[in-house]
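Fold and contact review
Chain residues, written in single-letter form:
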Amino acid sequence: MSPWMAPIMWEGTFNRDILNAQYRQKNSVVGVATFAVKKYVRFIEGFLGSANKFFLSGHRVNFYLFTDHPEKVPSMKLAPEKHLFIIPVQNYSRWQDISMNCMDIISNHIRSHWRYEVDYLYSMDIDVQMFEHIGVEIIDTLVGTISSWQYTKPRDSNSYERRPESRAAIPSGEGDFYYAASFYGGSVSEVYKLTTACFKGVTEDRANGIEAKWHEESHLNKYLLYHKPTRLLSPEYYWDEELPIPPIIKVKRLSSVRKDLKEVRF
Ligand code: UDP
Ligand code: MN
């Protein structure tokens with residue numbers, strides 16, 4: 001448990017059969033928002049293929065894929081309870097702007113569509129692959145994933161934005177965990193509040209000529225410090241492929257796909 005008594009999901013801490021039986025009674029629909037802009041279209045097949053198999057297997061999931069290349073989305077046969085919606089978006093020349101605008105696109109889309117269509121919403125990077133089940137243990141009101149890079153570090157060495165001029169600033173000595181922007185979610189209304197607040201921070205920083213250290217991730221960390229997640233996902237749920245796997249990680253459920261940053265972002 002976190003110090004505010006939110007459960008932290010690790011392999012061995014829950015019984016999936018019990019959780020599945022409880023969850024089925026709610027008849028919920030989960031939405032997954034993911035972006036594949038410019039060269040990131042190459043990750044669609046690996047993401048969807050593995051998510052079809054391992055993400056909320058047996059439960060209703062709508063994948064919402066935002067892309068500037070709808071014609072490049074491979075046609076894939078998904079399980080009957082899974083649906084794919086392709087939504088065209090414009091691209092931005094800077095990769096930082098692509099990920100920072102995701103928060104704005106998500107909050108607008110919640111207002112126009114998702115609040116009528118889904119109960120829970122999760123935002124996930126597209127450049128990932130799932131290897132093991134990610135089930136209903138991820139479902140809660142406000143959910144953050146602990147970064148695989150920073151789960152053992154003392155708070156003051158985490159890469160929070162510390163410059164007070166940024167709206168993402170976290171004062172020195174403060175901070176709980178360092179959360180990865182690659183996987184967060186919760187109820188539609190909580191994700192609406194989160195994405196709206198984070199994008200407001202991004203916009204105010206832009207007006208003040210400052211960009212937070214880790215872009216939208218810095219704003220997410222600020223938000224989750226002052227709006228505590230009701231559930232946390234351990235680094236099993238977003239493992240960085242660059243890192244060797246320590247004994248504490250019993251199951252690698254999802255990990256980033258290795259990419260040549262210079263090549264893929266430009
Ligand atoms: N993204 C994209 N096209 C880009 C850059 C980013 O579609 O040119 C999206 C994509 O969904 C990606 C997410 O933004 O998974 C976050 O960017 P990235 O994965 O490069 O960040 P990292 O995980 O390396 O911090
Ligand atoms: Mn990524």
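Rules behind the numbers
Residues numbered from 1 in each chain as written. Chains lettered and ligands numbered in written order. Predicted model: local features only at pLDDT ≥ 70, side-chain atom pairs only at ≥ 80, totals over all residues. Heavy atoms only, no water. UniProt positions renumbered as here; feature names shortened; annotations may be inferred. Helix = DSSP H or I, 4+ residues; strand = E, 2+ residues; numbered from the N terminus. Rg over C-alpha atoms; globule rule 2.2 N^0.38 Å. Buried < 20%, exposed > 50% of the residue type's maximum accessible area, 1.4 Å probe, protein only. Contact = heavy atoms within 4.5 Å. Areas by Shrake-Rupley, 256 points an atom, 1.4 Å probe, with all protein chains shown as cover. Lys, Arg positive; Asp, Glu negative; His and termini not counted. Charge placed at Lys NZ, Arg CZ, Asp CG, Glu CD. Near = heavy atom within 4 Å. Polar contact = N/O pair within 3.5 Å; in protein donor to acceptor, adjacent residues only side chain to side chain. 1 Å grid on protein atoms, 1.4 Å probe; cavity = no way out; pocket = protein on both sides within 12 Å on 5 of 7 lines; lining within 4 Å. Sits in = over half its atoms within 2 Å of the grid points. Nonpolar A, V, L, I, M, F, W, Y, C, P; charged D, E, K, R; others polar. Phe/Tyr/Trp six-rings, centres within 6.5 Å; stacked < 30°, edge-to-face > 60°.

The protein chain has the name Excitatory amino acid transporter 1-like in an unreviewed UniProt entry, where Platysternon megacephalum is given as its organism. Per its UniProt entry, the protein chain bears the Subcellular location (unreviewed entry) comment "Membrane". Here the protein chain is described in UniProt, under the heading Sequence similarities (unreviewed entry), as follows: "Belongs to the glycosyltransferase 6 family."

A count of helices and strands for the protein chain gives six helices and 10 strands. By the compact-globule yardstick of 18 Å for 266 residues, the protein chain fits well, its C-alpha radius of gyration being 18 Å. Expressed as lengths along the three principal axes of its C-alpha atoms, the size of the protein chain is roughly 50 × 45 × 40 Å. Out of the 266 residues belonging to the protein chain, those deemed buried represent 54%. In the protein chain, of all internal contacts separated by at least 6 residues, the share reaching a separation of at least 24 is 76%. Of the roughly 12,300 Å² that the protein chain leaves accessible, carbon and sulfur atoms contribute 54%. For the protein chain, the distance from the average site of its 33 positive side-chain charges to the average site of its 32 negative ones is 1 Å.

Right, let's get into unusual backbone geometry. Here Leu 56, not a glycine, exhibits a phi torsion of approximately 50 degrees, which is positive. Within the element layout of this structure, Leu 56 appears in the loop between helix H2 (44–54) and strand S3 (61–67).

Looking now at the site of ligand 1. Taken together, Phe 35, Ala 36, Val 37, Tyr 40, Ile 98, Asp 125, Ile 126, Asp 127, Tyr 238, Lys 259 and Arg 265 form the complete shell of residues around ligand 1. At a separation of 3.0 Å, an oxygen atom of ligand 1 approaches a polar side-chain atom of Asp 127. Judged by the fraction of its atoms near the pocket grid, ligand 1 is located in the largest pocket. Grouping the amino acids of the shell around ligand 1 by side-chain chemistry returns seven nonpolar, no polar and four charged.

Attention now moves to H2. For H2, the set of buried residues is Ile 44, Phe 47, Leu 48, Ser 50, Ala 51, Asn 52 and Phe 54. A positive phi of about 50 degrees marks Leu 56, the residue just after H2.

Quick look at the packing of aromatic side chains now. One pass over the full model with this rule turns up 12 aromatic pairs. Plain terms: the ring middles of Phe 47 and Phe 63 are 6.3 Å apart, the flat faces sit at 85 degrees to each other, and that makes the pair edge-to-face. In this pair, Phe 47 is assigned in helix H2 and Phe 63 in strand S3, connecting sequence segments 16 residues apart. With respect to class, Phe 47 is no different from Phe 63; both count as buried. A ring pair is formed by Phe 55 and Phe 63, whose centres lie 6.4 Å apart and whose planes are at 55 degrees; its orientation type is tilted. Assigned by exposure class, Phe 55 and Phe 63 land together as buried.

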